Amino acid sequence: MRLKRLETFHNEFVCFVKATAEDGVVGWGQTSTYNADITAQVFHRQIVPWALGQDVTDIPALVSRIERAEHKFPGSYRNRALAGLDTALWDMEGQRSGLPVAALIGGTAGPVRAYASSMRRDLTPEEEAERLKRICGEQGFTAAKFRIGAEMGEGRDQWPGRTEAIIPAVTRALPGIETLVDANSGFTVARAIEVGHILQDNGVGHYEEPVPWWDLDATKAVADALEVDVTGGEQDVDTGIFARIIRDRVVDVVQPDVMYLGGLTKTLQVAEMAALAGLPVTPHAANLGLVTMATMHLLRALPNAGKYLEFSIEGEDYYPWQRELFLGDPFRVRDGHLAVTGAPGWGLTVNPDWLAKAEYRDSDQAEQTAYAALYHRTLDAQL
Ligand SMILES: [Mg+2]
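Residues numbered from 1 in each chain as written. Predicted model: local features only at pLDDT ≥ 70, side-chain atom pairs only at ≥ 80, totals over all residues. Heavy atoms only, no water.

## Thoughts on the domain arrangement of the protein chain
How big an interface is tends to be stated in terms of the accessible area lost upon association of its parts.
And step 1. Taken domain by domain, the protein chain comprises domain 1 (3-97 + 352-382) and domain 2 (102-340).
And step 2. Facing the 29 residues of domain 1 at the interface are 23 residues of domain 2.
And step 3. Counting the surface lost from both domain 1 and domain 2, the interface buries some 1,900 Å², and carbon and sulfur atoms represent 67% of this.
And step 4. If you sort the residues of domain 1 by the area they bury against domain 2, Gln30, Asn79 and Trp90 come out on top, with a joint share of 24%.
And step 5. Here domain 1 and domain 2 share one salt bridge between them.
And step 6. For Glu67, the salt bridge goes to Lys266, with nearest N and O atoms at 3.1 Å.
And step 7. Every element with two or more residues in the side of domain 1 that touches domain 2 is listed here: β3 (26-30), α2 (59-69), α3 (76-97) and α13 (352-357).
And step 8. By residue number, the principal contributor to the side of domain 1 that touches domain 2 is α3, which donates 12 residues.
And step 9. Per-class residue counts for the side of domain 1 that touches domain 2 are 13 nonpolar, 11 polar and five charged. (Domains from an automatic or database assignment. Contact = heavy atoms within 4.5 Å. Buried area = accessible area lost by both parts, 1.4 Å probe. Salt bridge = Lys/Arg side-chain N within 4 Å of Asp/Glu carboxyl O. Helix = DSSP H or I, 4+ residues; strand = E, 2+ residues; numbered from the N terminus. Nonpolar A, V, L, I, M, F, W, Y, C, P; charged D, E, K, R; others polar.)

Next comes the structure, spelled out in structure tokens:
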């Protein structure tokens, strides 16, 4: 079954991908969010030419072909764009078979436990504690994450004393609720260990990205010094780096982002490496685009799924671009859980009104077709 056509619909924040096979079956995917206009350009330049005309029933083989073809471009944008193709093809496979993606990868439809994930550092400790208490009470979350330190802060706090104040403020406001923190690469090793002891004294169970994420030795030093689970991996897009993170036990919990990493296929590869090492996977999913739904399907299938889904509690006032991406209410929370339904593919319908306002590009355009033909002659000689 060959891939016939790829279309994109984008604004600055989101880019949806529509993939059509020669049998007319359509799958919808999405590239990773933010700078999605740039990602759409990368998609048409570096993903589409390798994908058109290829077999869509072996998604890992096609992902591998593209990674080999674009091996000089191993970084973020290529993977963000690749995620658009990968997620569209998984949806297409679900549409063709009538199954949710979770079932295609060994899982089932059903509930997913979520944690309430705060993205904010501008709130005072008291404000954040009160907010999380209210949201957990209203929506039934049994776990919640808050922010400590300052993003990439080099050891400085968001303001002096905030970290020391917010840890007890939130944990005391949430009795019986599991607490997680994210330092967003904010600390030095010494400071990270110091803060880690405060976390342990207050019963926090998950300590995310304590030091600059790319410094695996520093992360391991923090993990080795503490009992609390040190977690990370959301920025990493190289499966070779993940292999090292897992082999060396740099973290206790592995956190790939399905969309940053390049799609479901590569995330499954990372999750399998983690499973072989006995490590759980709690993916990063920081907005209510496709990343959260793809992560829900993944968590319904992984034998080493972490305890919960990251669920952003920041609404459309904080992320206006999340407004009306999908029809219905696919991210409804009930009793602290979301649901993977039995609907085929991702179980999502992209909002036609959103698509109508987006910028459009079609792989069938003559210029694109000529470009693809040139690429294919080169590729078929190489691979
Ligand atoms: Mg994080």
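## Regarding the coordination of the magnesium ion
And step 1. Coordination of the magnesium ion by the protein comes from Asp182 (OD), Glu208 (OE) and Glu234 (OE), over a distance range of 2.0 to 2.2 Å.
And step 2. Counting the intervening residues between successive donors of the magnesium ion yields the motif D-x25-E-x25-E. Placement of the pair is Asp182 in strand β6 (residues 178-182) and Glu208 in strand β7 (residues 206-208), with a sequence separation of 26 residues.
And step 3. Judged by its relative accessible area of 1%, Asp182 is buried. (Donors = N, O, S within 2.8 Å, 3.2 Å for Na, K, Ca; no water. Buried < 20%, exposed > 50% of the residue type's maximum accessible area, 1.4 Å probe, protein only.)

## A short note on helix α6 (residues 162-173)
And step 1. If you check α6, its first and last C-alpha atoms are 16 Å apart, about what 12 residues at 1.5 Å a residue would give, namely 16 Å.
And step 2. Along α6, the positions that sit buried rather than exposed are Arg162, Thr163, Ile166, Ile167, Pro168, Val170, Thr171 and Ala173.
And step 3. Residues of α6 that are buried sit in contact with α5 (125-139), β5 (143-147), β6 and α7 (189-201). (Expected span 1.5 Å × (residues − 1).)

## Points about the packing of aromatic side chains
And step 1. A complete count under the given rule lists 13 aromatic pairs for this structure.
And step 2. Note on Phe13 and Trp321: the rings are 6.1 Å apart at their centroids and 5 degrees apart in plane angle, and the pair reads as stacked. Taken together, the positions of Phe13 in the loop between β1 (3-10) and β2 (15-21) and Trp321 in the loop between β10 (309-312) and β11 (337-340) put the pair 308 residues apart, joining distant regions of the chain.
And step 3. Of the residues examined, Phe13 reaches a relative accessible area of 28% and is grouped as partly exposed.
And step 4. Using a relative accessible area of 8% as the deciding quantity, one classes Trp321 as buried.
And step 5. Centre to centre, the rings of Tyr115 and Tyr308 are 5.1 Å apart; their planes meet at 75 degrees, and the pair counts as edge-to-face. Linking Tyr115 in strand β4 (residues 110-117) with Tyr308 in the loop between α12 (290-299) and β10, this pair joins segments that are 193 residues apart in sequence.
And step 6. Among the residues examined, Tyr115 registers a relative accessible area of 0% and is labelled buried.
And step 7. Each member of the aromatic cluster is reached from another via a ring pair, and the members are Phe13, Tyr34, Tyr318, Tyr319 and Trp321.
And step 8. In this structure, Arg162 packs its charged tip against the face of Trp159, placed 5.4 Å from the ring centre. (Phe/Tyr/Trp six-rings, centres within 6.5 Å; stacked < 30°, edge-to-face > 60°. Lys NZ or Arg CZ within 6 Å of the ring centre and 35° of its normal.)

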